[in-house]
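Structural overview
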Amino acid sequence: MEKYKGLSPAEFFHRNREIAGFSNLARALYQTVRELVENSLDATETHGILPTIDVEIKVDENDSRLITITVADNGIGIPITEVPNVFGRVFYGSKYVIRQTRGVFGLGVKMAVLHAQITTAKPIYVKSSTPDSRVIYEYYIFIDISKNIPHIMKFNVKKKKRRWHGTVVRIVTEGSWILARRKIEEYIRRTALIAPYATISFKAPGTRLHYSRASRKLPEPPKIGKHHPRGVDIEILKTTIRSLENSISLVDFLSTYFEGVGKKSAEDFCKWAGFNPDTPISKLMLSDLERLARKMREYNKWRRPRSLTLSPLGSELLEEGVRNILEPEFVASVTRPPSSYGGHPFIVEAAVAYGGRIPVQNTPLLLRFANRMPLLYDEGVDVSRKVIDSIDWSIYKIKFPAPLAIVTHICSTKIPFKGVGKEAIADVPEVEHEIEIAIRDVARKLRTYLSKLEKMYEIKRREVTIKKYIDEVARALGYIVGNDSKELFRNKLLSLLNEDLRRRSIVRKGEEIGVTAKTASNS
Ligand code: ADP
Ligand code: MG
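Residues numbered from 1 in each chain as written. Chains lettered and ligands numbered in written order. Predicted model: local features only at pLDDT ≥ 70, side-chain atom pairs only at ≥ 80, totals over all residues. Heavy atoms only, no water.

1. Details of the sheet that holds strand β2 (residues 66-73)
Strand order across the open sheet formed by eight strands is β5-β4-β3-β6-β2-β1-β7-β8, with mixed pairing between neighbours. The sheet is open, and its two edges are formed by β5 (149-159) and β8 (207-211), each paired on a single side. Mean inter-strand twist for the sheet, computed between neighbouring axes without regard to direction, equals 10°. Here five bridges tie strand β3 (residues 124-129) to strand β6 (residues 166-174), and the two strands are oriented antiparallel to one another. Paired with Val 126 across the bridge in β6 is Val 169. (Pairing = 2+ DSSP bridges. Helix = DSSP H or I, 4+ residues; strand = E, 2+ residues; numbered from the N terminus. Axes fitted to C-alpha atoms, helices over the stretch in contact; angles between N-to-C directions.)

2. What to know about the nonpolar core
In this structure, Ile 57, Phe 87, Ile 184 and Val 322 are the most contacted members of the largest nonpolar core, which totals 72 residues. Residue contributions to this core reach at least three from each of two domains, namely domain 1 (9-211) and domain 3 (315-448). For Val 322, the residues in contact, after removing those within four places along its chain, are Leu 193, Glu 327, Pro 328, Val 331, Ala 351, Ala 353 and Val 407. (Core = buried A, V, L, I, M, F, W, Y, C linked by side-chain atoms within 4.5 Å. Buried < 20%, exposed > 50% of the residue type's maximum accessible area, 1.4 Å probe, protein only. Domains from an automatic or database assignment. Contact = heavy atoms within 4.5 Å.)

3. Things to note about the packing of helix α2 (residues 25-44) against helix α4 (residues 108-120)
Contact geometry of α2 with α4 gives a least axis separation of 9 Å together with a crossing angle of 140°. Here α4 runs oblique to α2, going by the angle between their axes. Pair α2 / α4 crosses with left-handed handedness. Here Ala 28, Thr 32, Glu 35, Leu 36 and Asn 39 of α2 come into contact with α4, specifically with Gly 108, Val 109, Ala 112 and His 115. Looking at the contact of α2 with α4, its residues break down into four nonpolar, four polar and one charged. (Parallel < 35°, antiparallel > 145°, perpendicular 65-115°, else oblique. Left-handed = near helix turned anticlockwise from the far one by under 90°. Nonpolar A, V, L, I, M, F, W, Y, C, P; charged D, E, K, R; others polar.)

4. Examining the domain arrangement of the chain
Looking at the chain, the domain boundaries give domain 1 (9-211), domain 2 (229-298), domain 3 (315-448) and domain 4 (450-522). A C-alpha centroid distance of 45 Å is found between domain 3 and domain 4. In this assembly, eight residues from domain 3 lie in contact with five residues from domain 4. Taking both sides of the interface into account, the surface hidden between domain 3 and domain 4 amounts to around 500 Å²; carbon and sulfur atoms contribute 51%. (Buried area = accessible area lost by both parts, 1.4 Å probe.)

5. What to know about a nonpolar patch on the surface
Among the surface-exposed residues, Ile 80, Ile 152, Phe 155 and Val 157 lie close enough to one another that they form a single nonpolar patch of about 310 Å² accessible area. Examined against the element boundaries, Ile 80 turns out to sit in the loop between β2 and α3 (83-88). (Patch = residues over 30% accessible without salt bridge, like charges linked within 9 Å, V, L, I, M, F, W, Y side chains within 5 Å. Areas by Shrake-Rupley, 256 points an atom, 1.4 Å probe, with all protein chains shown as cover. Salt bridge = Lys/Arg side-chain N within 4 Å of Asp/Glu carboxyl O.)

6. Observations regarding the environment of Ala 28
As for its position among the elements, Ala 28 is in helix α2. Through-space distance from the C-alpha of Ala 28 to that of Glu 18 is 8.9 Å; in sequence the pair is ten residues apart.

7. Some remarks on helix α9 (residues 286-298)
Taking 1.5 Å per residue as the helical rise, α9 with its 13 residues ought to reach 18 Å, and the 18 Å between its terminal C-alpha atoms agrees with that figure. Those residues of α9 that sit buried are Leu 289, Leu 292, Ala 293, Lys 295 and Met 296. Against the buried residues of α9 lie α6 (234-242), α7 (250-257) and α8 (263-273). (Expected span 1.5 Å × (residues − 1).)

8. As for the site of ligand 1
The environment of ligand 1 is formed by 20 residues, the closest being Asp 73, Ser 94, Lys 95, Gly 106 and Lys 110. A distance of 2.8 Å separates an oxygen atom of ligand 1 from a polar atom in the backbone of Gly 106. At 3.4 Å, a backbone N or O of Leu 107 approaches an oxygen atom of ligand 1. Relative to its unbound accessible area of 530 Å², ligand 1 is 94% covered by the protein chains. Counting residues per element, the ones that place at least two in the shell around ligand 1 are α2, α3 and α4. The element that contributes the greatest number of residues to the shell around ligand 1 is α4, accounting for three residues. (Near = heavy atom within 4 Å. Polar contact = N/O pair within 3.5 Å; in protein donor to acceptor, adjacent residues only side chain to side chain.)

9. Digging into the pairing of β2
Examined bridge by bridge, strand β1 (residues 52-59) and β2 share six bridges and lie antiparallel to one another. Across the sheet, Lys 58 pairs through a bridge with Thr 68, a residue of β2. What sits between the antiparallel neighbours β1 and β2 is a turn of six residues. With eight bridges joining them, β2 and β6 adopt antiparallel strand pairing. Paired with Thr 68 across the two strands is Val 172, which belongs to β6.

As structure tokens, this is what we get:
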């Protein structure tokens, strides 16, 4: 006889940890750091706070697999009653709204807790306080895996003595610092690149990184938005209708609860789709809702979603981050106008960096970011890699091996990730198209720069060659005309050369080479 039972979400992820990035000891440690840092960044910058984040990793002296990770932030904190659920219940969080954040699933930190508790049997430690709370609270929490509910081991409350808000999370987990070290350091470095307004310090055995904020300018935080009609389904319609206190007309329903729909466009849509705009929404049957959802998705005259829910970094900050972290000789960037796929708004940003301290490689070094998260794994299946590999770089004057880095950043209320580990982005055509335009745009700027460089080298070469003969020619001319005129010829020839360089717009007035002040003013 078969035995039947249900599986709690916690139990499911306990069994299938690898799909959330917890596949081995190196990945588990990397993923734990990542989930904690990303929650800290969400809790600060999304709410207009300049982030200050401390990350510390300690390895047990007797057992190198036993690792303590502490992440502290100056964010908005977590309300005292919510702490147990947000850390102890899979699929619980504050980010199930239409807004660009790093977290989306309400899963990340619970994966870290699950991994910790099944490998070390230690609870997670959380200390937090919200800005308006008078107390600081500390929790030690386990997850009851089979029930998917938090289990509080210990709880403390203290009066707040100084003004502090934020969260400190400590997890004791099994991992490998040796194997994860490079990736974690790179992750911190790239986080500093994409968040140049953050102060991040990182301490671990044998390593200490500190990135002071290079800018106090925070990108405009994202606002919470509404569903776009192109992205609705029956379930979204049902939940929205259920949340209404009173029944309203279809046309009011559409123009109030959906993004990019005004009264006029709602009426036009109803006409096109064959609905009476005055129908009370409560009168719609399931079959009507099915047709409504389908027609809403099909209608191609909706305005596209606005980008208030998004928070791109902006060209200036992006370049600042790239300059600080990659230290290139040249950088250019672009923030594309908003676009959308399936009703989800998105914005692509890209930067190109060349020369300086960028390693010389046979292919462009790619730094991928999504909603300001660095993506370090699975580059081979990411849409940005696909685009980069499809470009013929020689048309941009790049000859490999070359010191070339490409940065791509995609912001969206729904990044089309390939998995819950959030490492690679799928090749949705609209997104791919925008990435390509962005990369080609910055590549053109690089080409202009490289052409200028090329021209300068060319002229320098010319100058060196010609100068080699000037003395010789001046002497010969001097000899013909009479010996004391040699200097005169030399200066005349040099000013001719300068004239020529100036004509090629390489030398500006006052920067001429080799002409003595006296004769320069003579000529
Ligand atoms: P997600 O980030 O996808 O929402 P998580 O499991 O990582 O899911 O976190 C669950 C919730 O816990 C978050 O939505 C947030 O409300 C809260 N949270 C976690 N860490 C912090 C933090 N450092 N500061 C404030 N809130 C936090
Ligand atoms: Mg998270």
